[in-house]
Amino acid sequence: QLQLVESGGGLVQPGGSLRLSCAASGFTLDRYAIGWFRQAPGKEREGVSCISRNDGSIFYADSVKGRFTISRDNAKNTVYLQMNSLKPEDTAVYYCAARSPVFRQCVLSTSIVYPTWGQGTQVTVSS
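Positions within a chain are numbered from 1, following the residues in the order the chain's sequence is written. Reporting of local features is limited, given that this is a predicted model, to residues whose pLDDT is at least 70; pairs of side-chain atoms are given and counted only at 80 or more, and all residues count toward the totals for whole chains, interfaces and linings. Side-chain measures were taken over the full set of non-hydrogen atoms in the model, leaving aside hydrogen atoms and water.

*Asks:* Honestly, the overall build of the protein chain in this entry has me stumped. Any pointers?
*Replies:* Scanning the protein chain from terminus to terminus reveals 0 helices and 11 strands. The helix count covers DSSP runs of H or I at least four residues long, the strand count covers runs of E at least two residues long, and both are numbered beginning at the N terminus. Along the protein chain, helices (α) and strands (β) appear in the sequence β-β-β-β-β-β-β-β-β-β-β when read from the amino end. For 127 residues, the compact-globule formula gives about 14 Å, and the C-alpha radius of gyration of the protein chain, at 13 Å, lands near that figure. Principal axes of the C-alpha set define a box for the protein chain whose edges measure 40 × 25 × 25 Å. Burial here depends on accessible area, computed with a 1.4 Å probe over protein chains only, as a share of the maximum for the residue type. Under 20% is buried, over 50% is exposed, and the range in between is partly exposed. Buried positions account for 45% of the 127 residues belonging to the protein chain. For the radius of gyration, the atom set is restricted to C-alpha positions; the globular benchmark scales as 2.2 Å times the number of residues to the power 0.38.

*Asks:* For this particular structure, what's the right way to read the side chain of R99?
*Replies:* Take R99: it is sitting in the loop between β9 (92-98) and β10 (116-117). We count Lys and Arg on the positive side and Asp and Glu on the negative side, and we leave His and both chain ends out. The term salt bridge refers to a side-chain nitrogen of Lys or Arg lying within 4 Å of a carboxyl oxygen of Asp or Glu. The side chain of R99 is buried and forms no salt bridge, while D30, the nearest opposite charge, is found at 16 Å. For this analysis, a polar contact is any N or O atom pair within 3.5 Å, provided that within protein one partner can donate a hydrogen and the other can accept it, and provided that sequence-adjacent residues contribute only side-chain to side-chain pairs. One polar contact links the side chain of R99 to the main-chain carbonyl oxygen of Q105, over a distance of 2.7 Å. Every residue pair with non-hydrogen atoms within 4.5 Å of one another is taken to be in contact. Contact partners of R99, with chain neighbours within four places excluded, come to Y32, A33, Q105, V107, V113, Y114 and P115.

*Asks:* I tried to follow the packing of aromatic side chains on my own but got confused; where do I start?
*Replies:* Two descriptors summarise a pair of aromatic rings, namely the distance from one centre to the other and the angle between the planes of the rings. Aromatic rings from Phe, Tyr and Trp, with only the six-membered ring used for Trp, were paired whenever their centres fell within 6.5 Å, and each pair was classed as stacked if the ring planes differed by under 30 degrees, edge-to-face if by over 60, and tilted otherwise. The tally for this structure, following the rule as stated, stands at 4 aromatic pairs. Note on F27 and Y32: the rings are 6.4 Å apart at their centroids and 65 degrees apart in plane angle, and the pair reads as edge-to-face. Given a relative accessible area of 36%, F27 falls into the partly exposed group. R45 extends its terminal NZ or CZ atom over the ring of W117, reaching a point 4.4 Å from the ring centre. Taking the ring centre of F103 as reference, the NZ or CZ of R99 above it sits at 4.3 Å. Criterion for a charge above a ring: Arg CZ or Lys NZ at most 6 Å from the ring centre, at most 35 degrees from the ring normal.

*Asks:* Can you help me understand the environment of G35 in this one?
*Replies:* Within the secondary structure layout, G35 lies in strand β4 (residues 34-39). Among the residues examined, G35 registers a relative accessible area of 0% and is labelled buried.

Written as structure tokens, this is what we have:
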């Protein structure tokens, strides 16, 4: 019953910012560890950032650390990914995913532990 919908993608210039949203329906999102993943043309899907349930730990890929920030707004049942200082190599389709509520901890090393996925939102960083 859990469904995720990403939004907020678009075209930005290098150095610009975007905020992606992952809105949930069916269940309260704070019960789930949430991951953001991205896939660029010709590249494998990679983990970008994730946030554990119950205000648990947060993780970032080395490539985005210091530039991206993941957060929750429980009142809106939404997880955000604030992306600053964007680079052309950030261009990709970005997906949010929810892990089984049995697990508190989020992970970035593999996507197979996330059974529920959104449809993705395109982020393009170009001059």
